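# Examining the three-dimensional arrangement
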Amino acid sequence: MAHTVGQIAAALNAEALGDTELLIEKVAEPASATEDDLALLTNPKFADGLAKGSARVALLWPGADWQTLGLKAAIIAPRGRYAMAALTRMMDPGQGFAQGIHPTAIIDDTAELGENVALGPFVVVGPRARVGANSVIGPYCHIGMEASVGPDAFLRDHVSIGARVTIGARFISQPGARIGADGMSFVTPEASGVEKARESLGDQGELVSQSWTRIHSLGAVTIGDDVEIGANTCIDYGTIRDTVVGSGTKIDNQCHVAHNVTIGTDCLFAGMVGIAGSTKIGNNVVMGGQVGVTDNTTIGDNVIAGGGAKILSKVPAGQVVLGYPAVKMDTHLDMYKALRRLPRTLAQLKNRQKSVSKDGSND
Amino acid sequence: MAHTVGQIAAALNAEALGDTELLIEKVAEPASATEDDLALLTNPKFADGLAKGSARVALLWPGADWQTLGLKAAIIAPRGRYAMAALTRMMDPGQGFAQGIHPTAIIDDTAELGENVALGPFVVVGPRARVGANSVIGPYCHIGMEASVGPDAFLRDHVSIGARVTIGARFISQPGARIGADGMSFVTPEASGVEKARESLGDQGELVSQSWTRIHSLGAVTIGDDVEIGANTCIDYGTIRDTVVGSGTKIDNQCHVAHNVTIGTDCLFAGMVGIAGSTKIGNNVVMGGQVGVTDNTTIGDNVIAGGGAKILSKVPAGQVVLGYPAVKMDTHLDMYKALRRLPRTLAQLKNRQKSVSKDGSND
Amino acid sequence: MAHTVGQIAAALNAEALGDTELLIEKVAEPASATEDDLALLTNPKFADGLAKGSARVALLWPGADWQTLGLKAAIIAPRGRYAMAALTRMMDPGQGFAQGIHPTAIIDDTAELGENVALGPFVVVGPRARVGANSVIGPYCHIGMEASVGPDAFLRDHVSIGARVTIGARFISQPGARIGADGMSFVTPEASGVEKARESLGDQGELVSQSWTRIHSLGAVTIGDDVEIGANTCIDYGTIRDTVVGSGTKIDNQCHVAHNVTIGTDCLFAGMVGIAGSTKIGNNVVMGGQVGVTDNTTIGDNVIAGGGAKILSKVPAGQVVLGYPAVKMDTHLDMYKALRRLPRTLAQLKNRQKSVSKDGSND
């Protein structure tokens, strides 16, 4: 799948300089690039690496002097990181999943497959399920009863789409994602210790041992267009209404989205984020790795939560938060700096007190 | 699957008022309910929503005036949340898994299946494994050698039951759960830095590079009756004895229960809880999302750990804990309030000190 | 699979005492050991347990008096925990996976299988993939296009090996691991709020709503020899170069290793550890459960991170860290002790201030 420098520049909407007919086989970091590679060098800081490799062509930052760098050709990207999107899409070797329906796939008679759908080995498509046109469904994917996926979906292997889940266009799922597990909702005959501790902020009253009775999930999951879900990430059914993931939202590996959660559009969650039940997340919200959000709260639009933040209450739109409990980042930094100084401060106070009381004893 | 208002009330052991012959198709939130839905309105706070929808029947709180609310019938639930259990069980459309043994299922000659067992597509049941009567085993589930599940189990898709695992009656597993992965137990020829740092509270002594040798898991996993395990949750084998999950315990998605852990009865773990090796959890323990518990410790009965708590030492029965490290909730709140005030306090101290030393320089 | 006491001692390179011809069926804890079991008693603290069981043979600590303990034979292990490695390897009943190629396995014509490879039911081996000699691949494992595993690999069930992943000798994977999911890498047309907040430490400037464009993963994953990966753990592809896991490294369940991460040799990660993109981890690094490491940072050799630590910046070699943000363990303990005392200290300060200002008012 070689491309000329000119073709690549055109796909990136970028400027090509030098010998634009040179053929590029793949993309590489400068130091390990061969003669047939396009070296990625969008930051002048790493220009030294070029000499260690054999690249003849590089993707460079605006204003870079490609000839002085010893190159035969260059592509100039105004925003290198953004150019990476088009470049990597063009050069992605993919998973090599075959076209068509694999003979081991099991398709219910009442299921509907769009045109040009590819089903891999051991795929199961349940009753009245629908797979939109041009979707590629990898090995061992299960599309449950009355679920709907696509068009133009790409599911890697071992993905679970539960019954009644609805997913929009251009959905991408990494391996092992579980869309539509039952919500974790249990209730005790009498008010439980948790209910009482929440009301009293910590006192669960008399301890009573009760068993949990299951609340079934009657809602499903609705996912918009252009959503991507990471490997082994789980999204639970809603209890009555659907759990919702808005269009354009991207969720990384090993995340957990509980029942009734509503996530807005164009959000970005890094790995291991957990959102507890019935919480509402706005649009364009970004969460770092291992962030947790408590149940029944609201996160405003454009909130950014730093890695490891545990959000235990409402966050207004636009805030950048960090910590456990998560607070505004500058508040967190002030608290942390003060805490860092605290052992010394306490020692000083103690010394001063001692000298004061010594003075006192001299009275 | 329509039911009359009277039938539903009877199933809920609740009072039916008005036209009890009205047919209900499904359950809905008040604002989105159609004429054929039962609106859920167990909290007067949300009564306004009713006007936005078209419900003729609602599940209401005790004392609610259904006629003034404009309804044709009502069901009165003394504890609405508890009524949800029976109601949702009755109305659950389920996964639609077929009855019987799918022709692609692979059953070892020495395996034993109870009466009326359903095995989905591509299920594998290993040597001497047993599946109890009326169990439903979804697509791609693997029941390992000499494992035992059920009766009345319900396994969604892609579930792993490792060799020698024993699971009681009415087990429910969400997709992708792994019961019986090997424990993570490794040892170095000489004492490792971790062993030394644990003893010295932080000093690992001379740094020595050693490789890890595997301790195999000879124990299995024993799970009681009425247990539910969430999507992609993992429970490891014990090393010598079994890892144990007591009857009635419910574990949410993406949890991790390490080797030799013992969990009591009727516990409830929210998503992403992790319990490290050989820790013992009492009965009726509740853990919020992303809680972590260190290894070789003991958590008493009826402990409640708030979301994100990291439990690094023993917790006595009945305590409500929060924080990292987790402490009693009121202690945590005191510490947190003090920390919140700390930057200001330190600034005041500094000012006062300055003024004191100024005074002093006037001596 | 019974062994004599003498045979076991020989395998452990340990000393056998007493009737070394006694046959041992399995290993047990002292209190539950039967006559045919080897009781594990490497710590004198637990010697009382022996009387509760019926063991005739035990694995004992150096210097133990086996005859006084009422045993007929004993094996003396200088380092009991290390002896467990050889002992459990010898006694492991395993998963009972069948030898040979299961008839339901699907092997691409261009794939290469080494001698004596076992493929379980419903295994898929993709185009130009390679499985090394003596490897055992469990049910539902997917070996992607041009991936390479083994020799002597052992994969449990439901494991995903993505296209182009390279894995060395003696690889062990627990169920549901995902090696080679796409990296989570997205970019906005203009600088995003996250990019701005990182530069300003918390200020994302004017809020702009943008959609995310995908950066595809052109790199793969390279895993060394003697690596073990836990259940449902995910390791993402690199963007341009490969994500790397060094030889001898062991990673527990539910971990997340993001794109471009490099992990050294002989590391040990407990459950639920998350490593964000492009971070470099040294050799012999040990991480406790639920540890998180931020992106683009460096962790030196022999670092130990305690459970729940969130590492937000570079850690020098040999440090033992704890906390959020993670700091040196003794610094953490000092801060924590001071924080623990803080509410009382603030109350005292307030009292003193009051008495000072009272004194002042008497002026």
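Here is a short report on the structure shown in this document. None of these values were measured; they are calculated from a predicted model. (Residues numbered from 1 in each chain as written. Chains lettered and ligands numbered in written order. Predicted model: local features only at pLDDT ≥ 70, side-chain atom pairs only at ≥ 80, totals over all residues. Heavy atoms only, no water.)

### Remarks on the interface of chain C and chain A
- Taken together, the contact between chain C and chain A spans 79 residues of the former and 72 residues of the latter.
- Both sides together, the interface formed by chain C and chain A hides about 5900 Å², and carbon and sulfur atoms give 62% of it.
- For the pair chain C and chain A, the interface holds four salt bridges.
- At the surface where chain C touches chain A, the tally comes to 41 residue pairs in polar contact (both at pLDDT 80 or more).
- Going through the elements one at a time, β20 (178-181), β21 (186-187), α4 (193-200), β22 (213-214), β25 (234-236) and α5 (329-361) of chain C are the ones with two or more residues in the side of chain C that touches chain A. (Contact = heavy atoms within 4.5 Å. Buried area = accessible area lost by both parts, 1.4 Å probe. Salt bridge = Lys/Arg side-chain N within 4 Å of Asp/Glu carboxyl O. Polar contact = N/O pair within 3.5 Å; in protein donor to acceptor, adjacent residues only side chain to side chain. Helix = DSSP H or I, 4+ residues; strand = E, 2+ residues; numbered from the N terminus.)

### Remarks on the packing of helix α1 (residues 5-12) of chain A against helix α3 (residues 80-91) of chain A
All names here are of chain A.
- It is the contact of α1 with α3, at a shortest axis distance of 9 Å, that shows an interaxial angle of 125°. Of the possible angle classes, the one that applies to α1 and α3 is oblique. The handedness of the crossing between α1 and α3 comes out as right-handed. The segment α1 lies against α3, with Gln7, Ile8, Ala11 and Leu12 engaging Ala83, Ala86, Leu87 and Met90.
- Here the contact of α1 with α3 is built from residues that sort into seven nonpolar, one polar and no charged. (Axes fitted to C-alpha atoms, helices over the stretch in contact; angles between N-to-C directions. Parallel < 35°, antiparallel > 145°, perpendicular 65-115°, else oblique. Left-handed = near helix turned anticlockwise from the far one by under 90°. Nonpolar A, V, L, I, M, F, W, Y, C, P; charged D, E, K, R; others polar.)

### Describing the sheet that holds strand β2 (residues 15-18) of chain C
Residues and elements named next belong to chain C.
- Strand order in the open sheet made by the five strands is β2-β7-β6-β5-β4, with mixed pairing throughout. The open sheet is flanked by β2 and β4 (26-28), the only strands paired with a single partner. Here the strands of the sheet are splayed against their neighbours by 25° on average, with no regard to which way each runs.
- As judged from the four bridges shared by strand β5 (residues 37-41) and strand β6 (residues 57-60), these two strands associate in the parallel manner. Pairing of Ala39 across the sheet is with Ala58, part of β6.
- Strands β2, β5, β6 and β7 (73-76) of the sheet are contacted by helix α1 (residues 5-12), whose axis makes an angle of about 5° with β7. (Pairing = 2+ DSSP bridges.)

### Examining the interface of chain B and chain A
- Taken together, the contact between chain B and chain A spans 72 residues of the former and 79 residues of the latter.
- Here chain B and chain A share an interface that buries about 5900 Å² over both sides, 62% of which is from carbon and sulfur atoms.
- Along the contact surface separating chain B from chain A lie 41 residue pairs in polar contact (both at pLDDT 80 or more).
- Counting residues per element, the ones that place at least two in the side of chain B that touches chain A are β4 (26-28), α3 (80-91), β27 (250-251), β30 (268-269), β38 (320-322) and α5 (329-361) of chain B.
- Among the elements that make up the side of chain B that touches chain A, the one with the highest residue count is α5(B) (ten residues).
- Among the residues making up the side of chain B that touches chain A, the classes are represented as 35 nonpolar, 24 polar and 13 charged.

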